[in-house]
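# A look at the structure
One-letter residues, chain by chain:
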Amino acid sequence: MEMEKLVSLCRRRGFLFQSSEIYGGLNGFWDYGPLGVELKRNIKNAWWQDMVTSHDDLAVLPGAPGSYEMTGLDCAIVMHPQVWKVSGHYDLFHDMMVDCRQKKERYRFDQLRGRWVAAKGQRLLITTLSEENEEAEIERAALKYFKLRAKETAQLEWDGDIVTLDTIAISDLDKVLAPGASEPGTLTEPREFNLMFETYCGAIRDEKSKAFLRPETAQGIFVNFKNVLDSSRVKVPFGIAQIGKSFRNEITPRHFTFRSREFEQMEIEFFCHPDTSRQWYEYWRDRRMQWYMDLGLASGRLRLRDHTPEELSHYSTGTADVEYAFPFMAKGVYGELEGIAHRGDFDLRSHSEGKLDPATRPLTVELGSDGQPIHRGSGKDMTYRDETTGQRYLPHVIEPSAGADRAALAFLCEAYTEDEAPDDQGKMQKRTVLKFHPRLAPIKAAVFPLVKKDGMPEIAREIYRALKRHVTAFYDEKGAVGRRYRRQDEAGTPYCVTVDGQTLADKTVTIRDRDSLQQWRVKIDDVAEQIVEKVNR
Ligand code: ATP
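## Focus on the overall build of the chain
A count of helical and extended segments in the chain gives 14 helices and 27 strands. By principal-axis analysis of the C-alpha atoms, the chain measures approximately 85 × 80 × 50 Å. Considering only residue pairs separated by 6 or more positions, the chain has 65% of its internal contacts joining residues 24 or more positions apart. On the chain, roughly 25700 Å² of surface is accessible, and the fraction owed to carbon and sulfur atoms is 48%. Averaging the coordinates of the 77 positive side-chain charges in the chain and doing the same for the 84 negative ones gives two points 5 Å apart.

The following block contains the structure:
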């Protein structure tokens with residue numbers, strides 16, 4: 001699938017718009033249109049429903065070491081700055097960036113990709129930003145730099161596969177030809193760039209009033225751990241879920257909504273006994289992977305990848321990513337949809353005791369009475385007491401952390417299909433269809449009168465009103481019926497209900513299935529029940 005086609009469909013049909021488009025847009029920010037908002041809401045609702053509200057806390061689910069409870073939270077976006085000091089985000093949440101002195105562009109060090117080549121006695125790493133045509137673009141840039149013609153490509157001696165910049169020696173930076181640059185060595189050395197957006201609370205803008213937009217929703221859950229325990233009757237093992245906006249000042253937002261500066265996360269912090277935490281980790285890893293497959297990411301583009309020991313954070317004994325091979329990424333590159341991490345007791349312990357190295361940068365708002373920076377946690381006891389055994393311990397945490405926007409993008413990519421369907425004359429014609437899982441489809445059913453006369457619109461409107469009480473429905477009486485079907489196919493509507501001549505005689509209508517194109521007759525009184533049953537499957 002060509003990504004431009006999906007991007008253009010998203011704009012044309014109202015899934016996604018660039019934020020502030022009439023002023024030229026703002027890089028890294030997106031707005032969901034009328035269809036997009038329904039899609040994203042359906043994803044979040046499916047997650048909340050499957051993980052929290054319909055979770056059966058009395059049963060032992062397949063693969064789980066026992067039964068467990070689930071509950072939810074909705075925390076503020078701006079939190080006490082000390083939260084981010086203790087979580088490590090203030091000191092450590094950065095990406096390495098490089099600047100191109102010639103093009104005045106900034107790149108993420110670990111994302112810039114290129115290939116070594118030698119010609120005319122010089123060896124260079126030629127980089128490119130183009131991912132869809134990576135190799136061809138690199139070759140084009142190499143020919144241009146070495147002043148060779150297309151038929152002289154044999155003079156280019158390629159050395160190895162495409163690599164990212166962070167895998168080469170810093171001393172080799174002067175041999176890098178940056179994207180679009182006319183000479184090598186225009187990149188600066190990599191520097192740290194903190195990804196947290198800053199803001200100020202109150203009327204005075206100084207260091208003391210500085211605060212941050214949360215870069216993840218997880219910390220709101222950790223700092224409320226005791227509140228949830230004390231105010232509800234949950235017992236370990238249990239999970240707290242939260243859906244909400246997060247903000248990261250990404251150096252290079254790109255790939256449509258994949259890397260945005262404002263996005264929505266769906267996170268669970270699952271608290272369990274240290275002895276069973278490994279089993280719980282494996283349970284969540286498999287359960288979360290299965291969730292995406294059940295909702296339609298089943299084409300083989302999805303994979304579950306365990307992190308290598310080198311990739312793991314120092315406190316994590318296991319992390320796995322659910323990844324999707326997005327069509328806009330280079331061949332063999334996968335994009336993360338969700339990370340499932342075994343975080344041990346790192347977070348609860350840090351918020352209790354504080355653990356950061358005192359040599360790290362002080363957060364000025366937290367200077368002690370002696371004027372020295374405070375590097376401590378809240379001092380609150382975060383331990384849990386098991387009422388049956390009397391044991392007191394710090395629970396371990398398993399964190400399945402997903403992004404609603406990346407999930408929406410993956411579902412859109414997977415759903416996009418071009419095939420053929422008969423037109424009004426029965427002739428097969430090309431069509432574009434979004435084959436969403438019915439639970440995710442923005443509109444579940446469209447209702448059409450075949451023609452705008454003979455009482456058909458009146459009956460169709462009645463059916464539409466009855467359906468609207470249960471599902472998102474759409475009424476359309478304009479134009480040839482074949483065109484109306486096509487418009488719904490493009491929106492991903494799984495069922496179209498049509499009132500025709502026969503309806504007037506026997507009170508039945510047709511239902512058309514978006515994917516199989518099959519049509520069958522149903523009594524008007526049974527339409528709502530049948531559609532509700534089908535879309536909730
Ligand atoms: P990446 O390595 O791609 O930047 P990450 O490992 O930093 O992602 P996490 O911190 O694990 O991501 O965040 C959890 C989830 O939040 C991700 O799996 C992703 O779905 C989502 N997410 C993170 N950053 C962004 C972003 N800039 N835009 C959209 N979604 C994001």
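Here the narrative resumes, following the displayed structure.
## Focus on the domain arrangement of the chain
Considered domain by domain, the chain is made up of domain 1 (37–93 + 202–411), domain 2 (96–193) and domain 3 (429–535). Inter-centroid distance (C-alpha atoms) of domain 1 to domain 3 is 41 Å. Taken together, both faces of the contact between domain 1 and domain 3 bury some 790 Å²; the carbon and sulfur share is 62%. For the domain 1 face of the interface with domain 3, the top three residues by lost area are Leu 39, Asn 42 and Leu 295, together amounting to 55%. Linking domain 1 to domain 3 there are one salt bridge. Of the charged contacts, one joins Asp 50 and Arg 439 as a salt bridge, the two residues approaching to 3.0 Å between their closest N and O atoms. Where domain 1 touches domain 3, the interface holds four residue pairs in polar contact (both at pLDDT 80 or more). Per element, the largest residue contribution to the side of domain 1 that touches domain 3 is seven residues, and it comes from helix H2 (residues 34–53).

What counts and what doesn't
Residues numbered from 1 in each chain as written. Predicted model: local features only at pLDDT ≥ 70, side-chain atom pairs only at ≥ 80, totals over all residues. Heavy atoms only, no water. Helix = DSSP H or I, 4+ residues; strand = E, 2+ residues; numbered from the N terminus. Contact = heavy atoms within 4.5 Å. Areas by Shrake-Rupley, 256 points an atom, 1.4 Å probe, with all protein chains shown as cover. Lys, Arg positive; Asp, Glu negative; His and termini not counted. Charge placed at Lys NZ, Arg CZ, Asp CG, Glu CD. Domains from an automatic or database assignment. Buried area = accessible area lost by both parts, 1.4 Å probe. Salt bridge = Lys/Arg side-chain N within 4 Å of Asp/Glu carboxyl O. Polar contact = N/O pair within 3.5 Å; in protein donor to acceptor, adjacent residues only side chain to side chain.

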